[in-house]
Structure formats: structure tokens, C-alpha cells
Amino acid sequence: MVMKLMPDSFRKDGLKSAKPSKPIPMRIRFKVTGQDENGFVFEEYAESVDVSSGGGCLIFMRDIKKGENLKLYSPKGGLFLVSVRWFRYDMRKNVRSFGFQLAKPGNPWVLING
């Protein structure tokens, strides 16, 4: 089974739910660009832990400030503007993760089989 990440404009049923969707555990490798906590511009790859219709969670190697705006590029080159909602650092595992929300709430992505 192959999953594709597409903008909501490709959605076939035309329905837009106001209710938050349940996160789906899915590993997708994104290219992430933006500024880190210290203001340095970066471009790195990160892997998702889960995604939902309006956002998700990524494992990352940099410290990011809450509220920072980032750009995520999907494996197929789709661009998604996101805002960091929370950031967490696990010292035992030396792992950083952050939750994000799509910056354009009226244009969420859609996961489809294909």
C-alpha cells in the first residue's frame, strides 16, 4: 500500500471537517527549512511520527522555538507552510520532536491510497 500526501484541493468528496482528525502513525521523510532557536537558517531532513489533516509531529535534530514558521517539502516536492505548536527534548535519548500545524487551515493536506 502506498500513501500519497496531497493538498486538500485534490480531495474527491469535497467535505471539509471542522472537527480535528485523529493522528495517523506514519513515517514520512520531509525536507524542513526555516530558522532554529538561535536564528540560524537551516535546511535538514526530518521524519514524521504521525500526521493528521491539520498537522503532525516530526523527529528533528535542532532546537526550534514554539510559534516558529517552517516550510516542509514532501518526498514528491509538495510545499507545506507550518507553524510549530510545541517542542520537546528527551535528554535520555537525545531526541528532539516538535508538533506542527498547517499555516493555512483552509487548505489542509489529504492522505490517499494510490
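That block above? That's the structure.
Residues numbered from 1 in each chain as written. Predicted model: local features only at pLDDT ≥ 70, side-chain atom pairs only at ≥ 80, totals over all residues. Heavy atoms only, no water.

Draft legend 1. Representation of the environment of Pro75 within the structure. Secondary-structure assignment places Pro75 in the loop between strand E6 (69–73) and strand E7 (79–90). Its relative accessible area of 61% is what places Pro75 among the exposed residues. Sequence separation between Pro75 and Lys31 is 44 residues, and the spatial gap between their C-alpha atoms is 7.9 Å. Among residues more than four places away in sequence, those in contact with Pro75 are Ile28 and Arg29. (Helix = DSSP H or I, 4+ residues; strand = E, 2+ residues; numbered from the N terminus. Buried < 20%, exposed > 50% of the residue type's maximum accessible area, 1.4 Å probe, protein only. Contact = heavy atoms within 4.5 Å.)

Draft legend 2. Just the nonpolar core, in detail. In this structure, Val32, Leu58, Phe60, Leu70, Leu72 and Phe98 are the most contacted members of the largest nonpolar core, which totals 18 residues. For this core, the secondary-structure elements that each account for two or more residues are strand E3 (29–35), strand E4 (41–52), strand E5 (55–60), E6, E7 and strand E8 (95–102). If near-sequence neighbours (up to four positions away) are discounted, Leu70 is found in contact with Val32, Thr33, Gly34, Gln35, Phe42, Ile64, Phe80, Leu81, Val82, Val84 and Phe98. (Core = buried A, V, L, I, M, F, W, Y, C linked by side-chain atoms within 4.5 Å.)

Draft legend 3. Representation of the packing of aromatic side chains in the model. Applying the stated criterion across every chain, the model contains 3 aromatic pairs. Taking the centre distance of 5.5 Å and the plane angle of 85° together, the rings of Phe60 and Phe98 count as edge-to-face. Residue Phe60 is located in strand E5, and its partner Phe98 is located in strand E8; the two are separated by 38 residues in the primary sequence. What makes Phe60 buried here is its relative accessible area of 1%. (Phe/Tyr/Trp six-rings, centres within 6.5 Å; stacked < 30°, edge-to-face > 60°.)

Everything listed here is a matter of geometry and, on its own, says nothing about what the molecule does.
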